[in-house]
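Each chain is listed here by its residues.
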Amino acid sequence: MLSAGSEIMQAPQQTRRRWESRTNKPVLARLQDKGQDLVKAWPLWLCLALALAVRLFLAIRHNPVIEGDEALTGIQAENILHGEWPIYYYGQPYMGSLEAYIIALFFAIAGPSVLVLRIAMSCTSLLLVWLTWRFGEALACEAGLRAGPRRLFLIVATAIAALPPLYDAVLELRSYGGYTEAMIVMLWLLWATLRLTQRWQQGASRRELAWRWAGIGLLIGLGLWIDPLIAYALATMALWLAGFLWQAWPRQHKPSEGGQSKSSQWAWLKAGFFAAPAALPSLLLGLGPALIYGAQHSWENFLYMLHGGHPIAAPGSRLHILREVVTFYARCIAPRVIGGTLPTEPYVTQNHPAILTPGLVINGLAMTLAAGTLFLSWIWPRPTLLCLRRLTLLPLLFALCLTVIYCLDPLAVASVYSGCGPWDLTGRYVVPLVIVLPFFLAAATTVCWHGAAATEQDASASRAASPNTEARAEPRAPHPGRQPALWQSLLRPTLLVLLLICYFSTQFSAYAVANTHNTFETSGCVQAPGDYTPIITYLRQQHISYALATAWVGNPITFVTNQQILVTEPRARVPAYSQKVLHAAHYALLLLVHQDQSKPAIVQALQQQHWHYTLKRFPTVPGWELMVVITPDHNVSPTDPAFRQALTQIYNRCDA
């Protein structure tokens, strides 16, 4: 594993001095600089506007489609407005309810609805775009990019974050309970860690380092409450800090860096170490909700995280299962996240997963170039290769940690059963890859466009460095008689512009042609209705306030009606809802059936019992209908042996 410290220790001195001079300015001058930076950052505001526009386009175009798990977050947000104070997502003592509180704030302003929920998630996901810009600035400083290449790198990376692959954009807009917020925390942790090591190396004061450690601790605590998925970022941070300390540790045979004595090196190392305990109080503060819940519930949330959830059993040896998971990750989930194909599209099948897209090819080539450069730069330390390595080392490390942790996670065994088709069980665990995806293409574009001229070269440092020191050898000046022809100088920029046009145009096209029903439908139940308005109208006409149905159908109706019509499973995530329905004087049944089924199992069971009933069918997707069964004289009990077999699909299933 390549160490992170070497990248910081060898950053160009001109870039370091510029960053240090900013921090030593008076407060008023620094505020003026901040104002100028905001004006100069107009590409960031443009990318934020683009990000909001495309997300609102998806939200409005696909309104009011919502699936069961998302609707449950909306229900929790409604309950927050009614006075509840939940700590975790219903039925999951490991995913914090921060997202529900954010949505509740938007509901308090504009009222609960699917569109307002999507707007809330759209605004929340903008933080990913802003953090991409800030993290990109830190990476550009790490590589010592000049002003022109730096701006190109930031614009391309932030534009990609504003217009991510469709698969990732849809998950950013889903209210799954905390995945978007977890990705925000992960990207923020990567940025904070990189800035910590940079300022630590630059000799920042112990007070500043303590504040940076405290910020990292707060993010870690908050992230552990929101979703244990931030383990990807925690592993990356640990490796990065370990590499930094290993490279920066004073040694007897090691020459001093930048003229520093060994005592001064020990001094700034100790400053960072002594400031590190400041992370503990802030970590406990961020983890506060989880600690409160754990103390009240026998620490079941922490036990769940320590045990790795509920492992899924699979036939075969552990090595065989691991090989199957790795194969599935490499052939299906990772390409789907990188390329953007939605598994819920009508043309996706087990035999034709439709993985290959232009985005997959372009992003895949950029990632391959970054990985190849990582190893080639140690053999052939050319300035261009070293610049690309410094820009992509931390993103590559995060991608590697994500891959290893996902493949070793017992929950990933579910992917072996799902196959690479419409049924997508674990793809959301790989979507955090999108937070570092923009930097690979942006780095490749920047370095290919500017070449060795992308970085700032310090001539004095180059002359003083040994021949083996990377990035210190000044590039050889071109021979005056070998000026390239005009077409040769324009060829590379033209090809890169065409590549970017191809990438962004295909992303826009994917957003525009996405199926209006299936885009936000869950892969677990694509048969569910996209618009529940006709069904809700019928239930109200029949004076139905309670019903039993699978959560894929019941939760959206409960959410859209603001719980005026309570539709739930016999064993729901909220047990109080199940008890309220089962003890109601009268309730209906909602079941998904094939269109060609004239007498579904429930109808046959009712006829055998000679019960009076009425039913109404509502088309959902081609070949499927939602059937509403009303028995005015009796309530069909799920525990009744006469109906148990006919009602099996109500138990969180979506088939007939």
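Throughout, residues of each chain are indexed from 1 in the direction in which the sequence is written. Where totals are concerned, whole chains, interfaces and linings use all residues; where local detail is concerned, this predicted model gives features only for residues with pLDDT of at least 70, and gives and counts side-chain atom pairs only at 80 or more. The basis for every side-chain value is the complete set of heavy atoms in the structure, and neither hydrogens nor water enter the calculation.

Asker: Looking at this structure, I do not really get the overall build of the chain. What am I missing?
Answerer: Assigned secondary structure in the chain consists of 27 helices and five strands. Here the chain holds 656 residues, and the buried ones make up 54% of them. We call two residues in contact whenever any of their non-hydrogen atoms come within 4.5 Å of each other. A separation of at least 24 residues holds for 76% of the contacts in the chain among residues at least 6 apart in sequence. With the model as given, the accessible surface of the chain reaches about 28800 Å², and the carbon-plus-sulfur share is 63%. Starting at the N terminus, helices and strands are each numbered in turn, a helix being any DSSP run of H or I of at least four residues and a strand any DSSP run of E of at least two. The rule is simple: take the accessible area with a 1.4 Å probe, protein chains only, and divide by the maximum for that residue type; under 20% is buried, over 50% is exposed, in between is partly exposed. Only the protein chains shown count as cover for residues, and the accessible areas themselves come from Shrake-Rupley with a 1.4 Å probe.

Asker: Please clarify how helix α8 (residues 147–162) should be interpreted in this entry.
Answerer: Given 3.6 residues to a turn, an α-helix orients residues that are three or four positions apart in the same direction. In a regular helix each residue adds 1.5 Å, so 16 residues correspond to 22 Å; α8 covers 22 Å between its end C-alpha atoms and thus fits that length. For α8, the buried fraction is high: twelve of the 16 residues fall into the buried class. Helix span, expected: 1.5 Å multiplied by one less than the number of residues in the helix.

Asker: Would you mind showing me how to read the sheet that holds strand β1 (residues 546–548) here?
Answerer: DSSP-based pairing: two strands are paired if at least 2 bridges between them are found. Pairing is mixed in the open sheet, where five strands are placed in the order β2-β1-β3-β5-β4. Edge positions in the open sheet fall to β2 (566–568) and β4 (614–619), since each of these has one partner strand only. Strand-to-strand twist in this sheet, taken as the mean axis angle between neighbours without regard to direction, amounts to 25°. With two bridges connecting them, β1 and strand β3 (residues 588–594) associate as parallel partners. Paired with A547 across the strands is A588, a residue of β3. Working convention: axes come from line fits to C-alpha atoms, limited for helices to the stretch in contact. Angles between N-to-C directions cover 0 to 180 degrees. Together, β1 and β2 form the strand contacts of helix α26 (residues 575–582), whose direction differs from that of β2 by roughly 110°.

Asker: Explain the pattern of salt bridges here, please?
Answerer: Pairs may arise between side chains of opposite charge once their charged atoms sit close together. The salt bridge criterion pairs a side-chain nitrogen of Lys or Arg with a carboxyl oxygen of Asp or Glu, the two atoms within 4 Å. Evaluated as defined, the whole model comprises eight salt bridges. Its salt-bridge partner being R118, residue E70 comes within 2.4 Å of it at the nearest N-O pair. A residue pair is termed long-range when its members are at least 10 positions apart, and E70 in helix α5 (residues 68–81) and R118 in helix α7 (residues 114–143) qualify at 48 residues. Since its relative accessible area comes to 0%, E70 is described here as buried. Judged by relative accessible area, R118 falls into the buried class, the value being 2%. Taken together, the shared-partner salt bridges connect E67, E70, R118 and R174 into one network.

Asker: Please clarify how the state of the cysteines should be interpreted in this entry.
Answerer: Linking two cysteines covalently via their sulfur atoms produces the bond known as a disulfide. The disulfide criterion used throughout: a pair of cysteine sulfur atoms within 2.5 Å. Taken as a whole and judged by the stated rule, the model has one disulfide. Each disulfide pairs two cysteine sulfurs, and for C332 the partner residue is C420, the sulfurs being separated by 2.2 Å. Sign of the S-S torsion, about 85° for the bond between C332 and C420, identifies this disulfide as right-handed. Remark: C420 occurs in the loop between α20 (414–418) and α21 (437–450) and C332 occurs in helix α17 (residues 318–339); sequence separation between them is 88 residues. An identical accessibility class is assigned to C332 and C420; each is buried.

Asker: Looking at this model, I keep getting lost on α17. Mind explaining?
Answerer: Taking 1.5 Å as the rise per residue, α17 with 22 residues should run 32 Å; its terminal C-alpha atoms sit 30 Å apart, in good agreement. Its axis deflected by about 45° at Y329, α17 carries its strongest bend there. Of the positions making up α17, those classed as buried are I321, V325, F328, Y329, C332, I333, A334, P335, R336, V337, I338 and G339. Against α9 (166–173), α18 (358–379), α19 (383–408), α20 and α21 lie the buried residues of α17. Downstream of α17 by a residue or two, G340 has a phi angle that is positive, lying close to 100°. Note on bend: the value at a residue is the angle between axes fitted to the seven residues ending there and to the seven starting there.

Asker: Please clarify how the packing of aromatic side chains should be interpreted in this entry.
Answerer: Aromatic ring pairs are described here by two measures, namely the spacing of the ring centres and the angle between the planes. Two rings belonging to Phe, Tyr or Trp (six-membered ring only in the last case) form a pair when the distance between their centres is within 6.5 Å. Interplanar angles under 30 degrees mark stacking, angles over 60 mark edge-to-face geometry, and anything in between is tilted. Taken as a whole and assessed by the stated rule, the structure comprises 18 aromatic pairs. Note on Y94 and Y304: the rings are 4.4 Å apart at their centroids and 0° apart in plane angle, and the pair reads as stacked. With Y94 in the loop between α5 and α6 (98–110) and Y304 in helix α16 (residues 300–307), the pair connects residues that are 210 residues apart, well separated along the chain. Look at W611 and F643: their rings are 5.0 Å apart centre to centre, the planes differ by 45°, and that puts the pair in the tilted class. With a gap of 32 residues between them, W611 in the loop between α27 (601–609) and β4 and F643 in the segment after β5 (624–630) connect regions that are remote in the sequence.

Asker: Would you mind going over the pairing of β4 with me for this structure?
Answerer: A regular strand carries its side chains on alternate faces of the sheet. Relative to β5, β4 runs antiparallel, the two being bridged by six bridges. Within the sheet, the bridge partner assigned to R617 lies in β5 and is M627. Connecting β4 to the antiparallel partner β5 that follows it, the hairpin turn spans four residues, and G623 within it adopts a positive phi of roughly 95°.

Asker: Explain the side chain of R174 to me, please; I cannot follow it from the model alone.
Answerer: With respect to the helices, strands and loops of the structure, R174 is situated in the loop between α9 and α10 (179–201). On the basis of relative accessible area, R174 is assigned to the buried category, the value being 8%. Polar contacts, as used here, are pairs of N or O atoms within 3.5 Å; protein pairs need one atom able to donate a hydrogen and one able to accept it. Residues neighboring in sequence count only if both atoms are side-chain atoms. At a separation of 3.0 Å, a polar atom in the side chain of R174 contacts the main-chain carbonyl oxygen of F520.

Asker: Whenever I open this one, a nonpolar patch on the surface confuses me. Can you help?
Answerer: What goes into a patch is any residue over 30% in relative accessible area without a salt bridge, connected to like charges within 9 Å or, for nonpolar side chains (Val, Leu, Ile, Met, Phe, Trp, Tyr), within 5 Å. On the surface, a nonpolar cluster with roughly 520 Å² of combined accessible area is contributed by L319, L322, V326, L400, V404 and L408. Secondary-structure elements contributing two or more residues to the nonpolar patch are α17 and α19. Tracing the chain through its elements places L322 in helix α17. On the basis of relative accessible area, L322 is assigned to the partly exposed category, the value being 31%.

Asker: Quick question: what am I supposed to make of the nonpolar core here?
Answerer: Ranked by size, the top nonpolar core spans 171 residues in total, and within it F153, Y406, I435, L589 and I602 carry the most contacts. Considering every element that reaches this core, the biggest residue donor is α7, with 15 residues. With residues near it in sequence (within four places) discarded, F153 still touches G136, L139, A140, L145, L391, F439, A442, A443 and T446. Buried Ala, Val, Leu, Ile, Met, Phe, Trp, Tyr and Cys residues form a nonpolar core when they are joined through side-chain atoms within 4.5 Å. Residues I536, F618, L626 and I630 belong to the second largest nonpolar core, which totals 25 residues.

Asker: Please explain the packing of α10 against helix α12 (residues 231–248) as it appears in this structure.
Answerer: Packed helices, taken two at a time, are described by the angle their axes make and the gap between the axes. One way to put it is that α10 packs onto α12 with a least axis distance of 9 Å and a crossing angle of 10°. Viewed along their axes, α10 and α12 adopt a mutual orientation that is roughly parallel. From α10, M186, L189, L190, T193, L194, L196, T197, W200 and Q201 reach across to α12, where they touch Y232, A233, L234, T236, M237, W240, L241, F244 and L245. By residue class, the composition of the contact of α10 with α12 is 14 nonpolar, four polar and no charged. These descriptions rest on fixed angle ranges, namely under 35 degrees for roughly parallel, over 145 for roughly antiparallel, 65 to 115 for roughly perpendicular, and the rest for oblique. Only Asp, Glu, Lys and Arg are considered charged, only Ala, Val, Leu, Ile, Met, Phe, Trp, Tyr, Cys and Pro nonpolar, and every remaining residue, Gly among them, polar.

Asker: Even after reading the chapter, I still don't get the confidence of the model for the chain, so can you show me in this structure?
Answerer: Do not read the fine detail of predicted coordinates wherever pLDDT is low. Confidence in the prediction for the chain averages 85 pLDDT; 85% of positions are at 70 or higher. pLDDT expresses, on a scale from 0 to 100, how confident the predictor is about each individual residue. In the model of the chain, helix α22 (residues 459–464) stands out as the element of lowest mean pLDDT, 34, in contrast to α6, which has the highest, 97. Scored below 50 in pLDDT, residues 458–479 makes 24 contacts in the model with residues more than four places away or belonging to other chains.

Asker: Explain the environment of L388 to me, please; I cannot follow it from the model alone.
Answerer: Checked against the element boundaries, L388 lands in helix α19. By relative accessible area, L388 is classed as buried at 5%. Apart from the residues within four sequence positions on either side, L388 is in contact with L369, T373, A443, A444 and V447.

Asker: What is the right way to look at unusual backbone geometry in this model?
Answerer: Note: most residues except glycine have negative phi, and most peptide bonds are trans. Here the bond from N63 into P64 is cis, since omega is 10°, no more than 30 degrees from zero. In this structure, P64 sits in the loop between α4 (42–61) and α5. If you check the backbone angles, S298 has positive phi at about 55° while not being a glycine. Its location among the elements puts S298 in the loop between α15 (288–296) and α16. With a relative accessible area of 63%, S298 lands in the exposed category. Unlike most non-glycine residues, H610 shows phi in positive territory, near 60°.

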